[in-house]
Amino acid sequence: MSAAKSPAEVVKEPSMLKQKAMIADNYDKLTRAKELGLKVSSTYVPGNLNELLMCFGILNNLPEINAIQNGMRKLSGKLIADAEKMGLSEDVCTYVKADLGHMAKGAIAPNGKPMPVPDLLLLSYTGCFTFMKWFELLRDQYGCRTVMLHVPYEGDGKATKNMRDYVVKQLKDEVIPALEEISGVKFDIDRLRENLRRSAAAEENFVWVLESAKNRPSPIDAYFGGVFYIGPIFTAFRGTDEAVEYYRLLRQEIEQRIAAGKGPVTPDGEMAAEKYRFVVEGPPNWTSFRDFWRMFYEEGAVVVASTYTKVGGVYDYDGFRHDPERPLESLADYCLGCYTNRNLPMRVDMIQHYMEAYQADGFLVNSIKSCNSFSAGQLMMMREIEKRTGKPAAFIETDLVDPRYFSPANVKNRLESYFQMIDQKRRGGAHRAA
Amino acid sequence: MQQVSEIIDYCQTLYEDLSFAAAREWKAAEQGRKVVGYMPVYVPRELIHAGGMLPLGILGGGEDLEVIHGDAYYQSYICRIPRSTVELAVSKRLDFVDGMLFPSICDVIRNLSGMWKLMYPELYVRYFDVPQNYKDEIGGNYYVHELQELRQGLEGICGRTISDDDIRRSIAVYNENRRLVNAVYDFRAREPWKAPSWHVYLLMRAGMILPVEAHSQLLQDYLAAAAADDQPMRDNCRVILQGMFCEQPPLNLIKSIEFAGCYIVDDDCMLVGRWLLRAVPAAGDPIANLARAFLKYSTETAAKYEPDGSRKGRYLIEAVRQRGAEGVIFAAPSFCDPALLDRPMLANALTRENIPHISFKYAENSGQMQPIREQAGTFADSIKLWSEA
């Protein structure tokens, strides 16, 4: 077992440094928005309309990302406790509580400056019912204007014309007029087309990056590493030149890794020999993110595909790209197709595809205590995947940003047992083959 | 005239029967009859009825169902209603149901619709989405199409066209049922000592399983019998129960609150019967009328978006005023996202109006009622003994 490196020794590739600079710059703009005369919208990752906001020069603030930032910086536990004292139940989503606790403490951004009160809450309600309540709670606190984009759920496993028309109509009649009014900028559809063109270019390379995990060894970890790779495309950068450049750079790095036969880069450097390949369902735990990841890479376990990296848009499975030729319809299709907006049979089909296409040894569910959108139904999904692929599945429980629900000993114990089970299964297979 | 006790005994028999014998008998009475199940919080039952089918409310397994298989489908931190509903299914208690509707209420029920599709691929299963935009030309158009899709799906079950006239007739039948349901609620608010809430609860539960015409008759009989029933008025505290719109409370919980000195003068259990706040026009385009009723005069609850922030919680304050309530008890099922996320906003709205409130959680199989009785009793005492009024 290798000893953990201190934070100062964490290995960073050029793409990581670029992303770090992009995020820092965005927080700088957000916290100086008033001084810069910029308007700010708060919105969500799934159903994020960044290209549209860019048409109006509006900055994009994502409360989920703030909660993740606070989780990774070990601040969320106290924020959640504060929110519970304010009347939020211990049973509900910890992103919501971390965000409300954060507001109550002055909403200090990672750069140490206070976040501005948003000019608009853009409630694009995609794949998660809690979002709707979350923004009602934020509206209750901020008292600022809210505009809703209701995205219907793909209950029958497909986006229908009626659903698409409904979303487009809301964009035209509700969202765009509100953005025009707040920004004082007239909507220019050609500007949107340009932004979408850049999105599509970034998405091509992003998908290439995800699919690079089909190699053996996989040059990436598509879950723990994947959460960094989704950063720009899921947040405030989709549609920007910076995102195009980031994914070009990332692809170059990965091409080099494949050529050199290397595995993923971890916080402790190059991963040793790849022993296990997994598909993972569910978001990661953020409060002990690095410890969690270490439990995998120290054992030679790499995640070759994950569903969490599809929560802010599915680009690989059915080839969706933002399309400048049908801009609003394309935004609607993007919103409708986000992972948790797809019904359970579709999710199972996707996972089965990943299991087969990425030659995974097993399927692992990280069940998140406070995320019913992901978690409800996961036990049945496990059984379906086992039945369809014959590969063993396992289950661990953690939470998003509530440190009380990450029990390292339990998680490690379960993972080690799972790895042993896969070894036994392999030995059994080898004996039968002999 | 029937006695109150006879009516309530009958309702209790229906409530306790987890084999749904009444619905099975209805189906078996005539060849070709079909039953369509639905979960909370709202489906347009008129469309099911218009196809000659029986809408069957599935509200979980309640306090008496031993969940053996259902727990293997859900993590410990997910509410109980989906696991007991799965238990009902895998134990074949729902094997006579020809279709299932899962309304838009939360992520758990939403995902249960997909689980049902995986478990019963041959069955008609629909996630019934409703608009969160209430403008005619936006949410209205979307909803009209959704209703038409539902109508086509139901036609597939009943094996015939559901005509506009069929739907108009069913709208009229359900208008009458809503009128009577509201009459029972109004009667209870006026004279709660004559209509104990556990009676009202069982009456409404009967509406989940009986044909609507039979339920309407039952409500009429009850109103007549209860009005004639001479019961002593007590100096109880008048409260509204809030948060019970999906997973249902155990009957003992309702009784315990009443025994603790509260008259429950309104609640949000089984909203499907009171979802539409006015009679739906029976003439004209019936689908458009149902859509418009949903958009313009349907009840407010946590499953719906409130576009106007300043109106958040107003409906509850107005209910307190209209019903002459002295306080609100927030009673939400454990792990119920909509109820528990809504609660702080509603509580703040009540606090701003100086309306007392308390909160606690339950599960459909909660057995220990002493803490709830004590909490409700203390709340009632605090209002009766120390309130400014």
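Predicted model only: the values in this text are computed from it and were never measured. (Residues numbered from 1 in each chain as written. Chains lettered and ligands numbered in written order. Predicted model: local features only at pLDDT ≥ 70, side-chain atom pairs only at ≥ 80, totals over all residues. Heavy atoms only, no water.)

Undergrad: I'm lost on the overall build of chain A in this one. Help?
TA: Secondary structure summary: chain A contains 18 helices and 10 strands in total. Seen through its C-alpha atoms, chain A measures out along the principal axes to roughly 75 × 45 × 40 Å. Residue burial in chain A is summarised as follows: out of 434 residues, 63% are buried. Carbon and sulfur atoms make up 52% of the accessible area of chain A, which totals about 15,100 Å². If the 56 positive side-chain charges of chain A are averaged to one point and the 57 negative ones to another, these points end up 2 Å apart. (Helix = DSSP H or I, 4+ residues; strand = E, 2+ residues; numbered from the N terminus. Buried < 20%, exposed > 50% of the residue type's maximum accessible area, 1.4 Å probe, protein only. Areas by Shrake-Rupley, 256 points an atom, 1.4 Å probe, with all protein chains shown as cover. Lys, Arg positive; Asp, Glu negative; His and termini not counted. Charge placed at Lys NZ, Arg CZ, Asp CG, Glu CD.)

Undergrad: How should the sheet that holds strand E8 (residues 357–362) of chain B be read in this particular structure?
TA: Residues and elements named next belong to chain B. Taken together, the four strands give an open sheet; going across it, the order is E6-E5-E7-E8, and neighbouring strands pair in parallel fashion. The open sheet has two edge strands, strand E6 (262–266) and E8, and neither has a second partner. The mean angle between the axes of side-by-side strands here comes to 35°, regardless of whether they run parallel or antiparallel. Bridge count between strand E5 (residues 237–242) and E6: four bridges; the pairing is parallel. Bridge pairing in E6 places Cys 237 opposite Cys 262. (Pairing = 2+ DSSP bridges. Axes fitted to C-alpha atoms, helices over the stretch in contact; angles between N-to-C directions.)

Undergrad: Would you mind going over the pairing of E8 of chain B with me for this structure?
TA: Side-chain positions along a regular strand alternate between the two faces of the sheet. Residue and element names in this part refer to chain B. Across the two faces of E8 the burial differs, with Ile 358, Phe 360 and Tyr 362 buried and His 357, Ser 359 and Lys 361 not buried at all. Here six bridges tie strand E7 (residues 327–333) to E8, and the two strands are oriented parallel to one another. Pairing of Ile 329 across the sheet is with Ile 358, part of E8. Each parallel crossover has a hand, and for E7 linked through helix H13 (residues 337–352) to E8 it is right-handed. (Right-handed = clockwise from strand over helix to strand, strands pointing away.)

Undergrad: Mind showing me how you'd approach the sheet that holds strand E1 (residues 35–38) of chain B here?
TA: Residues and elements named next belong to chain B. If you trace the four strands from one edge of the open sheet to the other, you get E2-E1-E3-E4, paired in parallel fashion. Among the strands making up the open sheet, the edge pair consists of strand E2 (54–57) and strand E4 (124–128). Going across the sheet, the axis of each strand differs from the next one's by a mean of 20°, ignoring polarity. Across five bridges, strand E3 (residues 99–103) lies against E4 in parallel orientation. Among the inter-strand pairings, Met 100 is bridged to a residue of E4, identified as Val 125. In the packing of helix H5 (residues 107–119) onto the sheet, the strands contacted are E3 and E4, and the crossing angle to E3 comes to about 155°. (Contact = heavy atoms within 4.5 Å.)

Undergrad: Is there a simple way to explain the layout of surface pockets in this structure?
TA: By rolling a water-sized probe across the atoms, one finds the places where empty space is left. Residues and elements named next belong to chain B. Within this model, the second largest pocket holds a volume of roughly 600 Å³. Taken together, 23 residues make up the lining of the second largest pocket; nearest its centre are Asp 266, Leu 277, Thr 299, Tyr 315 and Ala 319. Elements represented by at least two residues in the lining of the second largest pocket include exactly helix H7 (164–190), E5 and helix H12 (314–323). Tallying contributions element by element places H12 first for the lining of the second largest pocket, with six residues. Here the residues of the lining of the second largest pocket sort into seven nonpolar, six polar and 10 charged. (1 Å grid on protein atoms, 1.4 Å probe; cavity = no way out; pocket = protein on both sides within 12 Å on 5 of 7 lines; lining within 4 Å. Points joined across faces, edges and corners; volume = space filled by probe spheres on them. Nonpolar A, V, L, I, M, F, W, Y, C, P; charged D, E, K, R; others polar.)

None of the figures reported here should be taken as evidence of function without further support.
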